[in-house]
Amino acid sequence: MSKPMEVEQEPKIDDALYSRQLYALSHETMKKITSTSVLVVGLQGLGIEIVKDLSLAGVKSVTLYDKELVEIKDLSSQFYFSPEQVGKVGRAEACYQKVVDLNNYVRIFVHKEELNDEFLKKFNVVVLANQPLALQLKVNEFCHSNKIHFISVETRGVFGQLFNDFGEQFTITDTNGENPNSYMISSISQDKEGIVTVVEEQKLQLLDGDLVTFKEVNGMSALNDLPPQKIKTISPLTFSIGDTSNLPPYTSGGYVTEVKQPKIVDFKPLKNILESGENIFITDDFKFTQPTNLLVGFQAIHKFAEKNKHMPRPHNKEDAKVVIEIAKGLAKPDDELDEKMLTQLSFGAQGDIVPMQAILGGITAQEVLKACSGKFTPIHQLAFFDSVECLPEDLETLPEEEFQPIGSRYDGQIITFGKTLQSKIENLNYFLVGAGAIGCEMLKNFAMMGLGAGPKGLVHVTDMDTIEKSNLNRQFLFRSSDIQQLKSQTAANAVRIMNPDLNVKAYSLRVGPDTESHYNEEFFDSLDGVCNALDNVEARLYMDSQCVYYGKPLLESGTLGTKGNTQVVVPHLTESYSSSRDPPEKGIPVCTLHNFPNAIEHTIQWARDTFEGLFKNNADNVNSYLTNPTYVQSLKTQNPFIRLETLSSIKASLMDRPLDFNQCIAWARLKFEEYFNNNIEQLLFNFPKDMVTTTGTPFWSGPKRAPTPLKFDVENPLHLEFIVAAANLRAFNYGIKTESNIDVIKKQAANVIVPDFTPKKVKIQTSENEPTPSTNTQQPPSGDTEEDDQCGTILSQLPQPGEMAGYKINSIQFEKDDDTNHHIDFITATSNLRATNYAISPADKHKTKGIAGKIIPALVTTTAVVAGFVCIELIKVIQNKALEKYKSTFMNLGIPFFGFVEPIAAPKNKIREGWTWTLWDRFDIDGDITLKEFLDLFEKKHGLDISMLSCKVTLLYALFTDKKTKEERLKMKISQLYETLSKKPLPKDKKYLLLEICCSDTESGDDVDVPSIRYKYN
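All figures in this text were calculated on a predicted structure; none of them were measured in a lab.

1. Looking at the overall build of the protein
Stage number 1. Across its full length, the protein holds 31 helices and 33 strands.
Stage number 2. Over its C-alpha atoms the protein spans a radius of gyration of 33 Å, differing by no more than 12% from the 31 Å that the globule rule assigns to 1018 residues.
Stage number 3. Overall, the C-alpha framework of the protein stretches about 95 × 85 × 60 Å when taken along its three principal axes.
Stage number 4. Expressed as a percentage of the 1018 residues in the protein, the buried residues total 56%.

As structure tokens, then:
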């Protein structure tokens, strides 16, 4: 607990720990962050959220300052306090050790003296959390004068405000954090106003006044040497760059790349902003009066507190009237004050709820990172937030007693929402699917809210994954000692410490059709709702379908770097998650990948596919051949070209298997020749560099870049990296001891005899529209008979499985986060060698790992904010709010941007006048009945004439069935009919079958769409 200035050494950036954060921020930004010392004043729930996020983000040091003793109400949101500390320990000291444990690279200090000027000068950023306005003004004045970045933030019940002052002439080095846009050039006109046209694959995302540079332009090559040029956009594919009339004509090639420009912003002191009301950042475009009212409202409750030595009393109408009068005195003559909003602010001024602390704390921590790095655009300058929609609808008529503290850890929440709602929260049963980044934040929020802590309450959490080092940067419930432990169980144990009353059960079973015997009807019937914390669409869609089937609310969310979104799905009110989906990602065309790459993403994907083919698929094929008696027979159903390729790889893997590491090196050397020389020579044999198309344009133009073969050079580090990685992976396949001496590998590689290459007559696919015999685009054109003959020859040469009983090749599963396994080394070297072939700028190992491993950039700040917004919606769900009260959130902390929109109502389908249904509706039939009784029921009760009945893929009834069969089936019970026709027994762990019908309206005779039928047979 020494002074922060004693920290001298700069911590090393641990790529394994900060992996996901680095993809959102960059190494350069991280260096600035790891050099930053932060002071946080105020260690209740809001302060600890900021401290937690900054510690995980990896700042140099955090100093804690709060000399007040822990109060029972603090436990409403301060997850590092315990009941035993109440009234005995200062807040800063009470949470010190748990903050220290968050990140070994961050130094944590506690300051016990006063906040004098000399002490404040030691910090790069000073943050005040829920502090008196007088202290905010005083500290801000000093920080502004001394070029110290200052942030004050506070939450009062469902209201919050944040103020930034980063001084005058603050430099934003990167306003949005996005990669600079780059475009392939199609043409450039030779004119007074030269017009650049880009290829149609990409639409321009440039604005008037943006700066760009050129490279690899042929003909008009002088553009390549020019400094950044200002542009004027003309159309989605064209922009002008000024006079090009004196330059030689454009012939081919070239890229244009956006150049990001720093932005200078001036910040004013808090005193000036409160007086002028300028520099207000709008957080919700639909709340027009919010900024005006909260600007004076927050000042009013502080003036009340200064006079009365406490914030307005919970739900006290007299205090609220005083606050309103103070606000009127502060307001400008033309301000329209909303007395209802000011009353709500006064009623909950002592409120303390963890969702708001998570939202404001996460945003504040991100603002600290902006202040110290210049990365992303800061909030300029004063922002207000509120979640009044989650307050009880009858707030103003409820008695004051409903909101009075009871000496409970949930008092902060009781003050805000009342005792009745608190009791409901405690007795909820919720299923949290996923215990990763969002899952950890949700469990923390649940524990603080008391969700599942009542006598009837329970939280179920499942996650099949184990903890990895890269998780520790944002999944804050885990420590390095937990690595390789189950996430769900570890997270459950951690939150039990935060709130011992929490009832939580942990599972390690994935959700899906294969686990419906565990997550069965009884399980779902017991739930009040589901919260997804998943990282894949397939599982999200499955849980969405289960929630629709069982009629349960679903809370959905996701993050991507600084971006986040939330969605609430409410039974019989909103559409479901699967009702609207993003379009699928556009894949890379096969011909581009195999023969005509023009971007580093193309070469990385090719390298990733090559890794999979060489070290996994080949091994899997061999092992299947040796162990599966029907494997050869199953190959006969494949395309003959693919079958031949598969059998050829099995033959090579078994008959050319290496006996020592030298042979692995020789194999790697030959692969180098094949990939980076021979295949390129073959491509240029088919399509010479001077080739022109039938229209007279050069074949190698536009997106097609003419490649150059590589000649192996053992002294070239990149060439050697490929040999080392490929040889080591080959050795692992065959269980061969490796050699770490680089000189030995170099000598062996240099001595490999490489056969001369002779081009073949092969057909190469040049566009996606061109037919190809197989996925391999370099197969000789010939008929199926020839391939079948070749397959037969190979099969006769292969050793019989019985001769190699027990033999196995080690299949390699791609693992991106182990820097010692040569996986990323191989992909990086392979990609960069191919990039060299095609004169594409190479990528370093970090970038390659991100693309090849499909790593999603992640920040703990975004995760905390998203989890807070999810819990706000959860509180609304508990109260059965009207549709317009719910909000789906779309945000980007980097820009920054917050968008709140009303969920889409569940679409209604009309059967007949006065009868509509949504995806939430269904017919329920309770009890096993005959098919005839079933048909009669729908005709007489619902006026529907059924022409077809099915269960999944089994057709149970159709109008066109012959008379004899129909008569037999009409007498059978539906359950018997299902077992007979599906040839499957009824599921023992279920009570229902889900049936679908085709039918017509008996009144109109028209075919109509109707809901599915839940048929109870058990």
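2. Section: the sheet that holds strand β13 (residues 238–240)
Stage number 1. Strand order in the open sheet formed by 7 strands is β11-β10-β14-β8-β9-β13-β12, and the pairing between neighbours is antiparallel. Of all the strands in the sheet, the pair left with one neighbour each is β11 (229–230) and β12 (232–235).
Stage number 2. Where strand β10 (residues 211–215) lies against strand β14 (residues 255–259), 5 bridges are found, and the strand directions are antiparallel. Bridge pairing in β14 places Val-212 opposite Glu-258.

3. So, the state of the cysteines
Stage number 1. Summed over all chains, the structure comprises 0 disulfides.
Stage number 2. Cysteine Cys-440 is unpaired, with the sulfur of Cys-531 as its nearest cysteine sulfur at 12 Å.
Stage number 3. Free of any disulfide, Cys-998 has its nearest neighbouring cysteine sulfur in Cys-999, separated by 7.5 Å.
Stage number 4. A relative accessible area of 41% places Cys-998 in the partly exposed class.

4. Focus: the packing of aromatic side chains
Stage number 1. Overall, the coordinates contain 42 aromatic pairs when judged by the stated rule.
Stage number 2. Both rings, one in Phe-596 and one in Phe-699, keep their centres 6.0 Å apart while their planes meet at 65°; by these two values the pair is edge-to-face. Of this pair, Phe-596 sits in the loop between α18 (590–594) and α19 (600–627) while Phe-699 sits in the loop between α22 (661–686) and α23 (717–733), placing them 103 residues apart in sequence. With respect to class, Phe-596 is no different from Phe-699; both count as buried.

5. Some details on a nonpolar patch on the surface
Stage number 1. A surface patch of nonpolar side chains, amounting to about 340 Å² of accessible area, comprises Phe-890, Ile-895, Phe-897 and Val-901.
Stage number 2. Structurally, Phe-897 is set in strand β25 (residues 897–901).

6. Some words on the sheet that holds strand β23 (residues 563–569)
Stage number 1. Sheet architecture is open: 8 strands sit in the order β20-β19-β18-β21-β22-β23-β24-β25, paired in mixed fashion. Every interior strand has two partners, whereas the edge strands, β20 (504–507) and β25, have only one. Neighbouring strand axes in the sheet, compared pairwise and without regard to direction, differ in orientation by 10° on average.

7. Overview of the pattern of salt bridges
Stage number 1. A full pass over the atoms with the stated rule returns 47 salt bridges.
Stage number 2. Glu-93 is the salt-bridge partner of Lys-112, the closest N and O atoms lying 3.1 Å from each other. With Lys-112 in the loop between β3 (107–110) and α5 (117–120) and Glu-93 in helix α4 (residues 91–100), this residue pair connects regions lying 19 residues apart in the sequence.
Stage number 3. A relative accessible area of 46% means that Lys-112 is categorised as partly exposed.
Stage number 4. The partner of Glu-393 in a salt bridge is Lys-885, and the shortest N-O contact between them spans 3.9 Å. Linking Glu-393 in the loop between β17 (382–386) and α12 (411–417) with Lys-885 in the loop between α28 (860–878) and β24 (888–892), this pair joins segments that are 492 residues apart in sequence.

8. Looking at the environment of Ser-624
Stage number 1. Checked against the element boundaries, Ser-624 lands in helix α19.
Stage number 2. The exposure class of Ser-624 is partly exposed, given its relative accessible area of 25%.
Stage number 3. Along the chain, Ser-624 and Glu-396 lie 228 residues apart, while their C-alpha atoms are 71 Å from each other.

9. Describing unusual backbone geometry
Trans is the prevailing form of peptide bonds, just as negative phi is the prevailing case for residues other than glycine.
Stage number 1. The omega torsion of the bond from His-380 to Gln-381 falls at -5°, within 30 degrees of zero and hence cis.
Stage number 2. Turning to its location among the elements, Gln-381 is positioned in the loop between α11 (354–373) and β17.
Stage number 3. Residue Pro-896 is reached from Ile-895 by a cis peptide bond, and omega for that bond is -10°.
Stage number 4. Tracing the backbone shows Pro-896 in the loop between β24 and β25.
Stage number 5. Even without a glycine there, the phi angle at Lys-309 is positive, about 65°.
Stage number 6. Taking relative accessible area as the criterion, Lys-309 reaches 72% and is therefore assigned exposed.
Stage number 7. Positive phi, close to 80°, is recorded for Gln-484, a residue that is not glycine.
Stage number 8. Within the secondary structure layout, Gln-484 lies in the loop between β19 (458–462) and α15 (487–498).
Stage number 9. For Gln-484, a relative accessible area of 54% gives the class exposed.

Here is what the cut-offs are and how they apply
- Residues numbered from 1 in each chain as written.
- Predicted model: local features only at pLDDT ≥ 70, side-chain atom pairs only at ≥ 80, totals over all residues.
- Heavy atoms only, no water.
- Helix = DSSP H or I, 4+ residues; strand = E, 2+ residues; numbered from the N terminus.
- Rg over C-alpha atoms; globule rule 2.2 N^0.38 Å.
- Buried < 20%, exposed > 50% of the residue type's maximum accessible area, 1.4 Å probe, protein only.
- Pairing = 2+ DSSP bridges.
- Disulfide = S-S within 2.5 Å.
- Phe/Tyr/Trp six-rings, centres within 6.5 Å; stacked < 30°, edge-to-face > 60°.
- Patch = residues over 30% accessible without salt bridge, like charges linked within 9 Å, V, L, I, M, F, W, Y side chains within 5 Å.
- Areas by Shrake-Rupley, 256 points an atom, 1.4 Å probe, with all protein chains shown as cover.
- Salt bridge = Lys/Arg side-chain N within 4 Å of Asp/Glu carboxyl O.
- Axes fitted to C-alpha atoms, helices over the stretch in contact; angles between N-to-C directions.

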